[in-house]
Amino acid sequence: MGLWDDIKTGAKNVDSKVGQKYDEEKIELEIRRVEREVEDMKRDLGNSVYDACSKGETYDPGSDCKKIKSKIESIDALKKEKEEIIVKAKAEREANRQARN
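Model, not experiment: these values are computed from the prediction. In every chain, residue numbers begin from 1 and rise along the written sequence. Under the rules for a predicted model, residues below a pLDDT of 70 receive no local features and side-chain atom pairs below 80 are neither given nor counted, while totals for whole chains, interfaces and linings still include all residues. The basis for every side-chain value is the complete set of non-hydrogen atoms in the structure, without hydrogens or water.

Caption draft 1: Seen up close, the overall build of the chain. Regarding its fold elements, the chain presents two helices and zero strands. Put simply, the radius of gyration uses C-alpha atoms, and a globule should come to 2.2 Å times the residue count raised to 0.38. The globule rule puts the C-alpha radius of gyration for 101 residues at 13 Å, and the 23 Å found for the chain is more than 25% above it. In terms of its C-alpha atoms, the chain occupies a principal-axis envelope of roughly 80 × 15 × 10 Å. Summarising the internal contacts of the chain: among those between residues at least 6 apart in sequence, 83% fall at separations of at least 24. In this description, accessible areas are obtained by the Shrake-Rupley approach with a 1.4 Å probe, and a residue is regarded as covered only by the protein chains that are shown. A total of about 7500 Å² of accessible surface is found on the chain, and carbon and sulfur atoms cover 54% of it. Distance between charge centres in the chain, computed from 23 positive and 24 negative side chains, equals 3 Å. Segments assigned H or I by DSSP are reported as helices when at least four residues long, segments assigned E as strands when at least two residues long, and all are numbered from the N terminus. In what follows, a contact means two residues having at least one pair of non-hydrogen atoms within 4.5 Å. Positive charge is attributed to Lys and Arg, negative charge to Asp and Glu, and no charge count is given to His or to the chain ends. The atoms used to mark charge sites are NZ of Lys, CZ of Arg, CG of Asp and CD of Glu.

Caption draft 2: Spatial organisation of the side chain of Lys82. With respect to the element layout, Lys82 can be found in helix H2 (residues 62-100). When residues no more than four places from it in sequence are discounted, the contact partners of Lys82 are Glu24, Ile27 and Glu28.

Caption draft 3: Structural view of the pattern of salt bridges. A carboxyl oxygen of Asp or Glu within 4 Å of a side-chain nitrogen of Lys or Arg is what we treat as a salt bridge. Under the definition given, this model contains eight salt bridges. For the salt bridge of Arg43 with Asp44, the shortest nitrogen-to-oxygen distance reads 3.8 Å. Its relative accessible area of 46% is what places Arg43 among the partly exposed residues. Overall, the relative accessible area of 39% leaves Asp44 in the partly exposed class. Connected through salt bridges with shared partners, the residues Glu30, Arg33, Glu37 and Lys71 form a single ionic network. Throughout, exposure labels follow a simple rule: accessible area from a 1.4 Å probe, protein chains only, divided by the maximum for the residue type, with under 20% read as buried, over 50% as exposed, and the rest as partly exposed.

Caption draft 4: Examining the environment of Asp40 more closely. Position of Asp40 relative to the elements: it lies in helix H1 (residues 3-54). A residue is classified by how much of its surface remains accessible, and Asp40, at 35% relative accessible area, is partly exposed.

Caption draft 5: Spotlight on the side chain of Asp64. You can see Asp64 is positioned in helix H2. Here Asp64 occupies a buried position and makes no salt bridge, while the nearest side chain of opposite charge, Lys67, is found at 4.5 Å. Not counting residues up to four positions away in its chain, the partners in contact with Asp64 are Leu45 and Tyr59.

Caption draft 6: Representation of the state of the cysteines in the model. Cysteine sulfur atoms that come within 2.5 Å of each other are treated as a disulfide pair. Scanning the model with the defined rule gives zero disulfides in all. Of all cysteine sulfurs in the structure, the one in Cys65 sits closest to Cys53, which takes part in no disulfide; the separation is 14 Å. Take Cys53: its relative accessible area is 53%, and that puts it in the exposed class. According to the relative accessible area criterion, Cys65 is partly exposed, its value standing at 39%.

Caption draft 7: Layout of the nonpolar core. Ile27, Ile31, Val34, Val38, Met41, Leu45, Ile68, Ile75, Leu78 and Ile85 form the largest nonpolar core, which has 10 residues in total. Where this core is concerned, the elements lending two or more residues are H1 and H2. Apart from the residues within four sequence positions on either side, Ile85 is in contact with Gln20, Asp23 and Ile27. Each nonpolar core is a collection of buried residues, namely Ala, Val, Leu, Ile, Met, Phe, Trp, Tyr and Cys, held together in the definition by side-chain atoms within 4.5 Å.

Structure, rendered in structure tokens:
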């Protein structure tokens with residue numbers, strides 16, 4: 001294979017890496033957004049419990065806890081999606097290298 005083939009393979013790999021990083025950053029941004037939501041929900045839960053206690057009332061946090069748990073599960077799913085993107089991009093770049101040889 002000649003220089004031109006090496007250049008084409010290199011360009012494909014750069015394109016793959018750039019696309020991978022873009023997708024990773026999009027997911028990271030979403031993870032941070034959901035993490036902030038979780039923190040806000042936890043703070044609101046604490047405030048609700050305190051408000052109820054200060055009034056001598058009881059507060060059932062069950063539904064709030066379910067919502068928080070759901071958000072945490074979505075964070076875990078986003079992290080898994082990010083890992084899948086990394087693995088797929090690495091496999092694509094390796095395939096490009098192997099095709100060159």
